[in-house]
Amino acid sequence: MPRIRTLALILAGGAGGRLELLTHSRAKPAVPFAGTHRLIDFPLSNCHNAQIDDVWVSQQFNPVSLTDHLANGRPWDLDRTSGGLLHLHPREGNDDRTGFQQGTADVLWRNAELIREFRAEALVVVSADAVYKLDYGALVEEHREAGKAVTMVTTEVDPDEAGRYGVVQTSGGDVREYVYKPDEPRGNLVSNEVFVFSPDPVLNALDEIAEREDELKDLGHELLPRLVDQGQVREHRFDGFWRDVGTIPAYWACHQELVEDEPPIDLDDPAWPILTRAIANRASAHLRAGASIESSLIAPGATVAGTVERSVLGRGVLVESGAVVRESVLLPGSIVRSGTVVERAILDDAVEIGSDSRIGEAGGEIAVIGQRATIEAGTTLASGARFPDVE
């Protein structure tokens, strides 16, 4: 069977406000993850492993850190003479599709002519704030065989969380109802923001909606309900490991899953590796005499002389002798001085916690310290604290 001409579009332009301080000065897909990776590495690696080599990344909010990470796309084999990685930014021009994007549907509409010129047979559209492995290539094959306008990947979530997503009702593989972020969800089967579109019917529908609406918003507001009503949407039920890490509690909880003796996802699986860009060449982690480490991930370049339990330490992190880090996530370059206890907390890049301080507490809500912040010696920040307190 001939290979299907496929274009992948990664939606990476949202503000990511639910991650609070972690996205104050960086794009959500550029948020570090698991000590060595960034969130956008998951969709990019899924594309690489599925042999999809035309990948566009739509950027808008705080794009510099993300652009720096993506570089020329080499870690994902996207540095090609023809095709490969393309950055999509808001633009000024001489047509009505210029300007800032107002949502995910608006992204597709503003770039519709570029997509049409590419002449893709299948358009894979994904977000970049979830942790999972999925063969987009197999998904595209299923989509072609089904002959629908949309294949929507669905998964079950905690019923209390269902209202954050598009909630679906299905029958015989078809999506019969789609309600976007309902106040009272009818079930916990949701769209996990991975789609395969047949470009022509979807882009034509967007054009029709744009003619009568002042602005296009997200895919779930009008486009998907319309196509569901027309019987043009099928589901692909995904029962593997999938975690939306777009909130502080979810981001922290996913890291806690990674430090289990048998974590539910292997980022270094040779059969489906999660690739990333090595921003700096770092030596092996250094565990000094007296260090105590239990059920943790320690990235290259980190130095530990104190106690680390059920935590994830990024590149270049320093935990001094006499310091204790428990159930926490320390992003690259963070420093915890002697005598300090950090518990159930997230420290962003290059944070320094002065000696004899206390950050967070056992069993409490997650405390977050923002990028490059310095906490003076002897400071106590309670459970759920945010520093600095940025509006």
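Residues numbered from 1 in each chain as written. Predicted model: local features only at pLDDT ≥ 70, side-chain atom pairs only at ≥ 80, totals over all residues. Heavy atoms only, no water.

1. Structural notes on the overall build of the protein
Applied cut-off: Counting from the N terminus, the helices are the DSSP runs of H or I reaching at least four residues and the strands are the DSSP runs of E reaching at least two. Both definitions apply: the radius of gyration is a C-alpha atom measure, and the globule rule equals 2.2 Å times residues to the power 0.38. For each residue, the accessible area found with a 1.4 Å probe, counting protein chains only, is set against the maximum for its type, and the residue is called buried under 20%, exposed over 50%, and partly exposed in between. For this analysis, residues touch if any pair of their heavy atoms sits within 4.5 Å.
The number of helices and strands found in the protein is 8 helices and 31 strands. Its C-alpha atoms give the protein a radius of gyration of 22 Å, near enough to 21 Å, the size a compact globule of 391 residues would have. With respect to the principal axes defined by its C-alpha atoms, the protein has extents near 65 × 50 × 45 Å. Across the 391 residues of the protein, 52% fall into the buried class. When contacts within the protein are restricted to residue pairs at least 6 apart in sequence, long-range pairs at least 24 apart make up 53% of them.

2. A closer look at the nonpolar core
We count it as follows: As used in this record, nonpolar core signifies buried Ala, Val, Leu, Ile, Met, Phe, Trp, Tyr and Cys residues forming a set joined through side-chain atoms within 4.5 Å.
Ranked by size, the top nonpolar core spans 39 residues in total, and within it Ile-40, Val-57, Tyr-132 and Tyr-136 carry the most contacts. At the level of secondary structure, the elements contributing two or more residues to this core comprise β1 (6-12), α1 (41-49), β4 (54-59), α2 (63-70), β6 (122-127), β7 (130-132), α5 (136-146) and β11 (189-197). Residues within four places of Ile-40 in sequence aside, it is in contact with Ile-10, Ala-12, Pro-29, Val-57, Leu-66, His-69, Leu-70 and Ala-128. Within the second largest apolar cluster, 36 residues are counted, among which are Val-107, Phe-118, Ala-120 and Val-125.

3. Some thoughts on the sheet that holds strand β28 (residues 367-369)
In plain terms, the rule: Here, any two strands with at least 2 DSSP bridges between them count as paired.
In space, the 6 strands of this open sheet follow the order β16-β19-β22-β25-β28-β31, with parallel pairing throughout. Whereas interior strands pair on both sides, the edge strands pair on one side only; in this sheet they are β16 (297-298) and β31 (386-387).

4. Some words on helix α8 (residues 248-258)
Of all 11 residues in α8, 8 are buried; the element is thus mostly enclosed. Listed in full, the buried residues belonging to α8 are Ile-248, Ala-250, Tyr-251, Trp-252, Cys-254, His-255, Gln-256 and Leu-258.

5. A look at the pattern of salt bridges
Test applied: A carboxyl oxygen of Asp or Glu within 4 Å of a side-chain nitrogen of Lys or Arg is what we treat as a salt bridge.
Evaluation of the coordinates by the stated rule reveals 30 salt bridges. Residue Arg-277 is joined to Asp-68 by a salt bridge in which the shortest nitrogen-to-oxygen separation is 3.6 Å. Linking Arg-277 in the loop between α8 and β14 (286-287) with Asp-68 in helix α2, this pair joins segments that are 209 residues apart in sequence. Judged by its relative accessible area of 24%, Arg-277 is partly exposed. Take Asp-68: its relative accessible area is 43%, and that puts it in the partly exposed class. With a shortest N-O distance of 2.7 Å, Arg-164 and Glu-161 are connected by a salt bridge. Under the relative-accessibility criterion, Arg-164 is labelled partly exposed at 24%. According to the relative accessible area criterion, Glu-161 is partly exposed, its value standing at 31%. Through salt bridges with shared partners, one network takes in Glu-309, Arg-326, Glu-343 and Arg-358.

6. Describing the environment of Leu-70
Locating Leu-70 in the fold gives a position in helix α2. Residues Leu-70 and Leu-44 lie 26 residues apart in sequence; the distance between their C-alpha atoms is 9.7 Å. Ignoring anything within four residues of it in the chain, the contact list for Leu-70 reads Ile-40, Leu-44, Val-57, Gln-59, Trp-76, Leu-85 and His-87.

7. Focus on the sheet that holds strand β27 (residues 358-359)
Within a sheet, each strand pairs with its neighbour through backbone hydrogen bonds, oriented either parallel or antiparallel. The sheet built from 6 strands is open, its strands ordered β15-β18-β21-β24-β27-β30 with parallel pairing. Each having just a single partner strand, β15 (292-294) and β30 (380-381) make up the two edges of the open sheet. One ladder, built from 2 bridges, connects strand β24 (residues 341-343) with β27; its direction is parallel. Opposite Val-341, over in β27, you have Arg-358 as the bridge partner.

8. Quick notes on the packing of aromatic side chains
So the rule is basically this: Centre distance within 6.5 Å is the pairing criterion for rings of Phe, Tyr and Trp, where only the six-membered ring of Trp is used; planes under 30 degrees apart are then read as stacked, over 60 as edge-to-face, and the remainder as tilted.
Counted under the stated rule, the structure contains 6 aromatic pairs. Between the aromatic rings of Phe-33 and Phe-42, the centroid separation amounts to 5.7 Å while the plane-to-plane angle is 80°, which identifies the pairing as edge-to-face. By relative accessible area, which is 0% here, Phe-42 ends up buried. Arranged with centres 6.5 Å apart and planes meeting at 15°, the rings of Tyr-178 and Tyr-180 form a pair that is stacked. Through pairs of rings, three or more aromatic residues link up here, namely Phe-33, Phe-42 and Tyr-251.

9. Focus: the pairing of β1
Where burial is concerned, most of β1 is hidden: 7 out of the 7 residues are buried. Here β1 runs beside β6; their pairing, made up of 6 bridges, is parallel. Among the inter-strand pairings, Leu-9 is bridged to a residue of β6, identified as Val-125. Bridge analysis of β1 against β4 gives 5 bridges, and the strand direction is parallel. The residue bridging Leu-11 from the neighbouring strand is Ser-58, located in β4.

10. Topic: the side chain of Ser-296
Let me state the cut-off plainly: A 3.5 Å cut-off defines polar contacts: any pair of N or O atoms within that distance qualifies, except that in protein one atom must be a possible hydrogen donor and the other a possible acceptor, and neighbouring residues in sequence count only when both atoms are side-chain atoms.
The topology assignment puts Ser-296 in the loop between β15 and β16. At 2.9 Å, the side chain of Ser-296 and the backbone oxygen of Glu-294 are in polar contact. Sequence-distant contacts of Ser-296, that is, excluding residues within four places in its chain, are made with Val-259, Val-308, Glu-309, Arg-310 and Ser-311.

Geometric values such as these leave the question of function open.
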